[in-house]
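Listed here are the chains, written in short residue letters.
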Amino acid sequence: MVRAVPERDAACAIAQAAAVVGDWWSLLLVRETARGRHRFDELQAELGISRKVLTERLGHLVDSGVLDRVPYQEGPVRYEYRLSPAGRALLPVLVAMQDWSDRWLLGDGSLTASADERSAEALRVHELPGTRLPRLTLPAHTGAERDPVDPDAAATVLFCYPATGRPSPLPDGWNDIPGTVGCTLENRLFRDAYEDFTAAGIAVHGVSTQRPDEQRAFAAAEDIPFPLLSDMDARLAAALRLPTFRAGQALRLKRAVLVLDRERAVRHVQFPVTDIPHAVETALSQASRLSG
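Keep in mind that what you see is a predicted model, and the values were worked out from it rather than measured.

Trainee: Any chance you could explain the sheet that holds strand S10 (residues 256-261) here in plain terms?
Mentor: Pairing between the strands of a sheet comes from backbone hydrogen bonds, and it takes one of two forms, parallel or antiparallel. One open sheet accounts for five strands, arranged S7-S6-S5-S10-S11; its pairing is mixed. Looking along the sheet, the strands with just one partner apiece sit at the ends: strand S7 (228-230) and strand S11 (266-270). Across the sheet, the mean angle from the axis of one strand to that of its neighbour is 25°, orientation sign disregarded. Taken together, the six bridges between strand S5 (residues 155-160) and strand S6 (residues 202-208) define a ladder with parallel strand orientation. Note that in S6 the partner of Val157 across the bridge is Val204. Lying on the sheet, helix H8 (residues 183-192) is in contact with S5, S6, S7 and S10; it crosses S5 at an angle near 160°. Across the sheet, helix H12 (residues 276-291) lies against S5, S6, S10 and S11, angled at about 10° from S10, the strand it touches most.

Spelled out as structure tokens, the structure:
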């Protein structure tokens, strides 16, 4: 049951937000629409929710401006549910909740940019093969929005990394966080192998939560030939439930490498990444299987 905000909390923004998305089902519906599930039947099947409760929660989220109800069929008219601008603005909140749970509920509380291979977040990433990335675009360092999957390539390699130290200095204690070191090296290794990737018809995209202008300065300094995409609004992280960590008052992507095919399906993942040169070689080998 959706609760009304008591009069004593009418001016409290936290209470107002909780009234909209504080319900279990409402949060999970935002999660699933971010993952590309938009239709009533597929939402019901994924969540195991009753039709009555699903109808009520979808209506509430539409009335609250979180979801847009969009017709996709005529005769009879059928609708699907897509995140509105207000709904997309919730994605960093959703990813922050996931990050908190990965660390404090499913983990031991340690701050890390990596993970144990048996951790809940590692298991979640290794369940990605077969998952299709929903249609979305991310800001690129080149100045335009770009699809993370290159439709003209036989395969796309997405390598996610925490942050580079150029142009902005990294937060204090950055090198003490396991898994943070090596972002510049990783970019350089993909740069040096870029001709091999392109010769095989494979696209390469780097992804971090840094701003496009920061990525642009880094790409210019390091002569990066492939697009660097900014997931500063957590659209990719929410769509694939990618692992993150918080450092310098910002959410950062943990290092992971994904290979996707033309149909946007994840075909191979590497996480955690502990040997960066080997990860680059493996990405080329796995992606080449899709281009052969």
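Trainee: So what exactly am I meant to see when it comes to the nonpolar core here?
Mentor: Counting residues in each nonpolar core, the largest one holds 47 residues, and the members touching the most others are Leu58, Leu128, Leu133, Val207, Leu236, Leu242 and Leu258. Here this core gets five residues from one element, more than from any other, and that element is helix H11 (residues 235-240). If we ignore the near neighbours within four places in the chain, the residues touching Leu242 are Gln98, Arg124, Leu128, Cys160, Leu236, Ala237, Leu253 and Leu258. Val157, Tyr161, Ala219 and Ile276 belong to the second-largest nonpolar core, a separate cluster that totals 23 residues.

Trainee: Would you mind going over the packing of aromatic side chains with me for this structure?
Mentor: The relative placement of two aromatic rings is captured by the distance of their centres and the angle of their planes. Within this structure, the stated rule accounts for seven aromatic pairs. With 6.3 Å between their ring centres and 85° between their planes, Trp24 and Trp25 make a pair best called edge-to-face. For Trp24, a relative accessible area of 58% corresponds to the exposed category. If you follow Arg39 out to its NZ or CZ, it ends over the ring of Tyr72, 3.6 Å from the centre.

Trainee: Looking at this structure, I do not really get the packing of helix H2 (residues 24-34) against helix H6 (residues 91-104). What am I missing?
Mentor: The packing of two helices is summarised by the inter-axis angle and the distance between the axes. For the pair H2 and H6, interaxial distance at closest approach is 11 Å and the crossing angle is 105°. Taken together, H2 and H6 sit at an angle that is classed as roughly perpendicular. Across the interface between the two elements, Leu27, Val30, Arg31 and Ala34 from H2 touch Leu91, Leu94 and Met97 from H6. In terms of residue class, the contact of H2 with H6 is built from six nonpolar, no polar and one charged.

What counts and what doesn't
Residues numbered from 1 in each chain as written. Predicted model: local features only at pLDDT ≥ 70, side-chain atom pairs only at ≥ 80, totals over all residues. Heavy atoms only, no water. Pairing = 2+ DSSP bridges. Helix = DSSP H or I, 4+ residues; strand = E, 2+ residues; numbered from the N terminus. Axes fitted to C-alpha atoms, helices over the stretch in contact; angles between N-to-C directions. Contact = heavy atoms within 4.5 Å. Core = buried A, V, L, I, M, F, W, Y, C linked by side-chain atoms within 4.5 Å. Buried < 20%, exposed > 50% of the residue type's maximum accessible area, 1.4 Å probe, protein only. Phe/Tyr/Trp six-rings, centres within 6.5 Å; stacked < 30°, edge-to-face > 60°. Lys NZ or Arg CZ within 6 Å of the ring centre and 35° of its normal. Parallel < 35°, antiparallel > 145°, perpendicular 65-115°, else oblique. Nonpolar A, V, L, I, M, F, W, Y, C, P; charged D, E, K, R; others polar.

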